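# An overview of the molecular structure
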Amino acid sequence: MNAGPKPTRGSAERSIANPGGHFAGAAAAPRPETTAVVYNRGMAERRGTGRVTFLVNAAGNFLGAAVAFLYFRLVDPHAASLPRVRLHEVVHPLLVFAGLLALGHWLNNRWVAPINRATQGHPLSEREAALVRRRALLFPYVLAGVSFAGWVVAGLIWGFGMPLLMGRVVSLSDRLRIVFGITVLAGSVTTAFIFFVSERIWRTRLLLLFPEGDLSAVPRVPRLAVRVRLLAIFLLTALVPLAVLGILSYTRALDLLDADPATARGIVSGLRTTILFLLGVGGLAAAGLALFAANSVATPLKDVEAAMAQVEQGRLDGHCPVVSTDEIGAVAEGFNRMLHGLRERELVKETFGKYVTPEIRDEILAGRISGEGELKEVTVLFADIRDFTPWVEATAPRDVVRDLNEYFTEMAEAIRAQHGLVLQFIGDEIEAVFGAPIASRDHAAMAVRAALDMRGRLRAWNARRVAAGKPALRHGIGIHTGTVLAGNIGGAERLSYALVGDPVNLASRIQGLTKDFEVDILISEATRKSLDPAMAVEELPAVRVKGRAEEVNVYKVV
């Protein structure tokens, strides 16, 4: 049997981002915070997160820059005073845009450095390992937050800084309109794009860092609920386009106040084109955001559905990936916990089945058998190895244990084959019962058939032992039928199904008589009366046993 996993010293080395000990502890040190831990190199990746952050940042911010440019060219051109595009009006935004993008990329790289070290297999301290788990879940939020902060700075630069540097006189309302177009409109679109795209891409990395999916165990991490996610998508796809169209209508209405008829017709014609353009762009943006939102909900649910289908087919070795901290992630984690419980239950059933028959096991686990204590008519069987002490003294301890296990295995299989229950192994002795905990009418016949099978199995086993140069073993089996008290007996923390009553003692005494009569199977008169008269038995002289005043009639099973 393989040794189980060694216990760890703290939660930093267990599940969460380290289930199963993926951050395996190094040699013990007096200060845990300096202990080096190494991420599982078998799951390490050569490529870090730098490429991901750069591509997502570049795409998102380029999208935001395009939205801002189109907004000030088509929707609110008066706010930025851009009657036509000139060279410096293109160069300045590009320089500022590149500078902000580079700064954001640098900040993001510093922030994800511990994650890169973990996924590349570098040693980490326990404190760094805990930091990796938390930052892995915060990654989309930080990436989007840094980007939005950059757009806030950009809005302040173009709304307040640039007019002062260029010597322009701009009213406060125009400045606020510039900030709205850059920060509120372009910044919100960029932030939403970066967050949803990075979260989507980052889910594959979470599967690497959290192979067992214990995301909820990481403290101080925001839990973005599905309702909040859908509400944010609604606001971006509904309120923002309405606000843009409202501003567009207001600015064009102002232009119409002082326009002559020819100019007014041109403004209305351009307004129609602009509205159609904005509706097309807004529709594509809404479809894209809705697609991301739908995938973020549908994909994890499909994973749960697939895992449930495996369980329905009886496969309990699966695992549902957990890639979010929302309600769907909680459902996936709960499903994994349930699956773990099912595996444990199956292990209990499988282990319990080694001691009782599957029928008895299922009855006990289903709660259909009472362990509180009840009177039952049963047949008790005792089996004991002859000349056990001399054999033990002449045999190596390791060989004794191995041979005893082989013997008990053979005898227990014979007992279980007749629906008997092995109550206990006591040294070289076996105690078994037939007719309990599941009642049976022919429990006496079952016990005798089990004894005959034990006789045959012992002969076959001895033949193999003699062929291997080992001595043959003998045993005696005593069987008696009577009414006993059966139930779970023991202490508060450990119980065992046991029998109490005189029939148990008498069965043990009859087993001892096999030495005196030099036979291997003896049954009592009560057992004989419960058998088919055609059963081949031979009556022996009545004997007196310890603890009983009257003599006992016994029969040899031929």
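Notes on the structure in this doc start here. (Residues numbered from 1 in each chain as written. Predicted model: local features only at pLDDT ≥ 70, side-chain atom pairs only at ≥ 80, totals over all residues. Heavy atoms only, no water.)

## So, the overall build of the chain
A tally of helices and strands in the chain yields 15 helices and eleven strands. Residue burial in the chain is summarised as follows: out of 558 residues, 41% are buried. Contacts in the chain between residues at least 24 apart in sequence constitute 72% of all its contacts with a sequence separation of at least 6. In the form shown here, the chain has an accessible surface area of approximately 29,500 Å², with 61% of it arising from carbon and sulfur atoms. (Helix = DSSP H or I, 4+ residues; strand = E, 2+ residues; numbered from the N terminus. Buried < 20%, exposed > 50% of the residue type's maximum accessible area, 1.4 Å probe, protein only. Contact = heavy atoms within 4.5 Å. Areas by Shrake-Rupley, 256 points an atom, 1.4 Å probe, with all protein chains shown as cover.)

## Re the packing of helix α6 (residues 172–209) against helix α8 (residues 261–312)
How two helices pack is summed up by the angle between their axes together with the distance between the axes. At a closest axis distance of 10 Å, the pairing of α6 and α8 adopts a crossing angle of 30°. Viewed along their axes, α6 and α8 adopt a mutual orientation that is roughly parallel. For α6 against α8, the interelement crossing comes out left-handed. Facing A192, F196, V197, R200 and R203 of α6, the residues of α8 in contact are L289, F292, N295, S296, T299 and P300. The residue inventory of the contact of α6 with α8, partitioned by class, reads six nonpolar, three polar and two charged. (Axes fitted to C-alpha atoms, helices over the stretch in contact; angles between N-to-C directions. Parallel < 35°, antiparallel > 145°, perpendicular 65-115°, else oblique. Left-handed = near helix turned anticlockwise from the far one by under 90°. Nonpolar A, V, L, I, M, F, W, Y, C, P; charged D, E, K, R; others polar.)

## Some remarks on the packing of aromatic side chains
Evaluation of the coordinates by the stated rule reveals six aromatic pairs. Here the aromatic rings of F388 and W391 are separated by 5.9 Å at their centres, their planes lie at 55°, and the arrangement is tilted. One end of the pair is F388 and the other is W391, both in helix α11 (residues 388–393) and three residues apart, which spans about a single turn. With a relative accessible area of 8%, W391 lands in the buried category. The interplanar angle of 55° and the centroid separation of 5.6 Å between the aromatic rings of Y407 and F408 together place this pair among those described as tilted. (Phe/Tyr/Trp six-rings, centres within 6.5 Å; stacked < 30°, edge-to-face > 60°.)

## Some remarks on the packing of helix α12 (residues 397–417) against helix α13 (residues 443–467)
The N-to-C vectors of α12 and α13 enclose an angle of 150°; their axes lie 8 Å apart at closest approach. By the criterion of interaxial angle, the relationship of α12 to α13 is roughly antiparallel. In terms of crossing hand, the pair formed by α12 and α13 is right-handed. Contact residues: D403, E406, Y407, E410, M411, E413, A414 and I415 in α12; A450, D453, M454, R457, L458, W461, R464 and R465 in α13. Its residues placed into classes, the contact of α12 with α13 shows eight nonpolar, no polar and eight charged.

## Some words on the pairing of strand β5 (residues 421–426)
Relative to strand β6 (residues 429–434), β5 runs antiparallel, the two sharing five bridges. When the sheet's bridge partners are listed, L421 is paired in β6 with V433. Hairpin connection from β5 to β6: two residues lie between these consecutive antiparallel strands, with G427 at a positive phi of about 65°. (Pairing = 2+ DSSP bridges.)

## Digging into the environment of P77
Within the secondary structure, P77 sits in helix α2 (residues 77–80). Given a relative accessible area of 18%, P77 falls into the buried group. For the pair formed by P77 and I178, sequence separation is 101 residues and the distance between their alpha carbons is 9.8 Å.

## Side note on the nonpolar core
Counting 39 residues, the largest nonpolar core has A136, L137, L206 and F210 as its most contacted members. Taken together, the elements giving at least two residues each to this core come down to α1 (50–75), α4 (113–119), α5 (126–166), α6, α7 (226–257), α8 and α9 (327–352). Ranked by residues supplied to this core, first place goes to α6 with eight residues. With sequence-adjacent residues up to four places away left out, A136 is seen in contact with I115, W202, L206, L209 and F210. (Core = buried A, V, L, I, M, F, W, Y, C linked by side-chain atoms within 4.5 Å.)

## Things to note about the pattern of salt bridges
What the rule picks out here adds up to 16 salt bridges. Note that R464 and E410 form a salt bridge whose closest N and O atoms lie 3.6 Å from each other. Highlighted residues: R464 in helix α13 and E410 in helix α12, separated in sequence by 54 residues. Owing to a relative accessible area of 46%, R464 belongs among the partly exposed residues under this scheme. Accessibility expressed as a relative area gives 19% for E410, which makes it buried. We note a salt bridge from D520 to R455, for which the minimum N-O separation is 2.8 Å. (Salt bridge = Lys/Arg side-chain N within 4 Å of Asp/Glu carboxyl O.)

## So, α8
Over its 52 residues, α8 extends 74 Å from the first C-alpha to the last, a length consistent with the 76 Å expected when each residue adds 1.5 Å. A264, I267, L271, T274, L278, L289, A293, S296, P300, V304, A307 and V311 are the residues of α8 that are buried. Its side-chain oxygen 3.1 Å from the backbone nitrogen of A262, D260 forms the N-cap of α8. Residue G314 follows α8 closely and has a positive phi angle near 90°. (Expected span 1.5 Å × (residues − 1). Polar contact = N/O pair within 3.5 Å; in protein donor to acceptor, adjacent residues only side chain to side chain.)

## What to know about helix α14 (residues 502–517)
Between its terminal C-alpha atoms α14 stretches 22 Å, which fits the 22 Å expected from 16 residues at 1.5 Å a residue. Regarding α14, the residues found buried are P503, V504, L506, A507, I510, Q511, L513 and T514. Taken together, the buried residues of α14 touch β4 (374–385), β6, β7 (475–490), β8 (495–500), β9 (521–524) and β11 (554–557). Directly after α14, the chain includes E518, whose backbone phi takes a positive value near 55°.

## A short note on the side chain of S147
Mapped onto the secondary structure, S147 falls in helix α5. Taking the relative accessible area as the measure of exposure, S147 reaches 6% and is therefore buried. In this structure, S147 is in contact with N57, N61, T190 and I194, ignoring residues within four places of it in sequence.

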